[in-house]
Amino acid sequence: MARASTFNAVTLQMIWTRLISIADEAAATLQRTSFSTIVRESNDFACVLTDRRGQAIAQASDSVPSFMGTMPRTIRHFLDEFPPETLEPGDMLITNDIWMGTGHLPDISVAKPIFLDGSIIGFAGSVAHAPDIGGKIRSADAKDVYEEGLQIPVMKVMHAGKIDATFERILRKNVRVPDQVMGDLYAQFTCLHLMEQRVLTLMREQGLDTLEALADEIHARSESAMRSAIRALPDGVYHYTSVMDGVADPIELKLKMTVKDDTLAIDFAGSGPQVLRAINVCMAYTISYTAFGVKAVLAPDIPNNEGVMRPVTITAPEGSILNSTHPAAGGARALTGHFLPMMVISALAKAMPDRVIATVGSPLWCLQLSGVSPAGRPYANLFFMNGGYGAARGRDGLNILSWPSNISSTPVEMIEQLAPIKVRHRRIRTGTGGKGQYRGGNGQDILFEMTSPNPVVVSFLAERTRPEAAPAGLAGGGAGAAGAVLINGKPVDPKVQHVIAPGSTVELRTPGGGGYGPPSERPAALAEADRIDGYV
């Protein structure tokens, strides 16, 4: 029997759109009041609204895709520790626990219960990547979580509107840039307060006593749309294997996708075990980025919410690199997790050739550095950069585009203003996109010179630097070029920290995206345009 609708389509669409706009306004507030370039310039954050059960209703449009899956789970962990009867207006909850949060310590998750007439009707949630969390600066060579910085257990950070002063003192004592870290955290508090006020205004205008009926309607319609999209796929089992650089040796990630009627099951059995490096992925992050790949192909136009993924199950063996267990390090988990949506898309290439792309030059790359200024003050900086996008049937891949994360490259002006760095060049890495009927996007080449009079500790997030891990082409297209990290002109291991002398140079060459279709079939006009534009 068909489910009876509580809301007519027009009213539902109006309220749903309003909720998304509330999350978007909260995101703009967070970005504009933040202190660090990570939030303000690179957009490494999310704002999410859930019902009182911790089930996502709306997410800010520019939020990082992985957080669409992690933040609601974190709120449900908060509820396990703090049942509704233990909360009061003005309380806020916090954690950066790897297995209850996003998978690495720099991401601080905060949530505020929303009260209406004395009862909790929902939660405003936010995740933001802190500029520092203490410990070793983020590096793939951490051996366990204890090396990676301060661990914040699930706790109340605000008690009836007043911050826990002891918590603030502990956090400030453990980070290199306390004003930036606390400034970003207060920006999160501000955006949650705004979200709460806007939601309450909407509910009073619409005469709503709870969000549950609205959430149930949104979830049911979104679930139905996803089931219809899955039903359009041929039933069967789809496989895909990716090779990542790994540590001493490459690591294989294996995906098995089973499509049956209106359900889809993805299992990562056979993937490598967790390792004594910080490239392990917690299950919540695995689920989130796998779900993003499914949604990107099958239902890209449905706003993110809990109902979209109900027809999809995602599993990975406990203790594997995609379902890590305590005390595995996870600071560089993006180097592994960013492979997952591309694996989903590649597995579906034969079933949906018009909806997929060749492999992207991700995972996201970044440079992290720390040191002591001439005035004796510690500093820590983190700057992002991106590779080339994969080509698709009918179009070339874009140059230097963030995917699957939507984190922006840090502007040169901000890098040189905030860090002891001179950017010698930042340019398209010509000819690195995979050849094909449609060319893969080119990566970028950035050369930094260290201007600090003191030694600088640097580490990297860098992947696809081995030839076997280069971004694959599709339908006969060529692979994109692998990336490289060089210090003073010599290739180095990007999975370990380096201490470099004043005046040293660091060069990052990000991978290109894979090409689509046989290169011999590339139209002459496109080939000539590439030559004129300097892309080849």
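This text goes with the structure placed above it.
Here's a quick rundown of the structure.

Time to look at the environment of D249. Within the secondary structure layout, D249 lies in the loop between β8 (236–244) and β9 (251–260). Sequence spacing of D249 and G376 is 127 residues, and the spatial spacing of their C-alpha atoms is 40 Å.

Here strand β10 (residues 263–267) shows one buried face, formed by L264 and I266, and one open face, formed by T263, A265 and D267. As paired strands, β9 and β10 are joined by five bridges and run antiparallel to one another. Directly across from V259, in β10, lies its bridge partner L264. Remark: two residues form the turn of the hairpin made by β9 and β10, two consecutive strands paired antiparallel; D261 in that turn has positive phi of roughly 55 degrees. Of the strand pairs in this sheet, β10 and strand β11 (residues 312–315) are connected by four bridges, and their pairing is parallel. By the bridge assignment, L264 is partnered in β11 with V312. Handedness of the β10-helix α7 (residues 283–298)-β11 crossover: right-handed.

Take helix α4 (residues 165–174) next. Looking only at α4, the buried set comprises F167, E168 and L171. The arc enclosing the buried residues of α4, seen along the axis, measures out at 100 degrees, which places them on a common side. Of the exposed residues in α4, those oriented more than 90 degrees away from the buried face are T166, R169 and K173. Taken together, the buried residues of α4 touch β3 (92–95), β6 (155–159), β7 (162–163) and α5 (178–206). The opening residue of α4 is D164, an N-cap whose side-chain oxygen sits 3.1 Å from the backbone nitrogen of T166.

To continue, consider the packing of α7 against helix α9 (residues 339–347). Relative to each other, α7 and α9 sit at 40 degrees, their axes nearing to 8 Å. Between α7 and α9 lies a crossing of right-handed hand. Contacts between α7 and α9 involve T286, Y289, T290, F292, G293, V294 and V297 from the first element and L340, P341, V344 and I345 from the second. Considered class by class, the residues forming the contact of α7 with α9 number eight nonpolar, three polar and no charged.

The rules behind these values
Residues numbered from 1 in each chain as written. Predicted model: local features only at pLDDT ≥ 70, side-chain atom pairs only at ≥ 80, totals over all residues. Heavy atoms only, no water. Helix = DSSP H or I, 4+ residues; strand = E, 2+ residues; numbered from the N terminus. Buried < 20%, exposed > 50% of the residue type's maximum accessible area, 1.4 Å probe, protein only. Pairing = 2+ DSSP bridges. Right-handed = clockwise from strand over helix to strand, strands pointing away. Arc of directions from axis to C-beta. Contact = heavy atoms within 4.5 Å. Polar contact = N/O pair within 3.5 Å; in protein donor to acceptor, adjacent residues only side chain to side chain. Axes fitted to C-alpha atoms, helices over the stretch in contact; angles between N-to-C directions. Left-handed = near helix turned anticlockwise from the far one by under 90°. Nonpolar A, V, L, I, M, F, W, Y, C, P; charged D, E, K, R; others polar.

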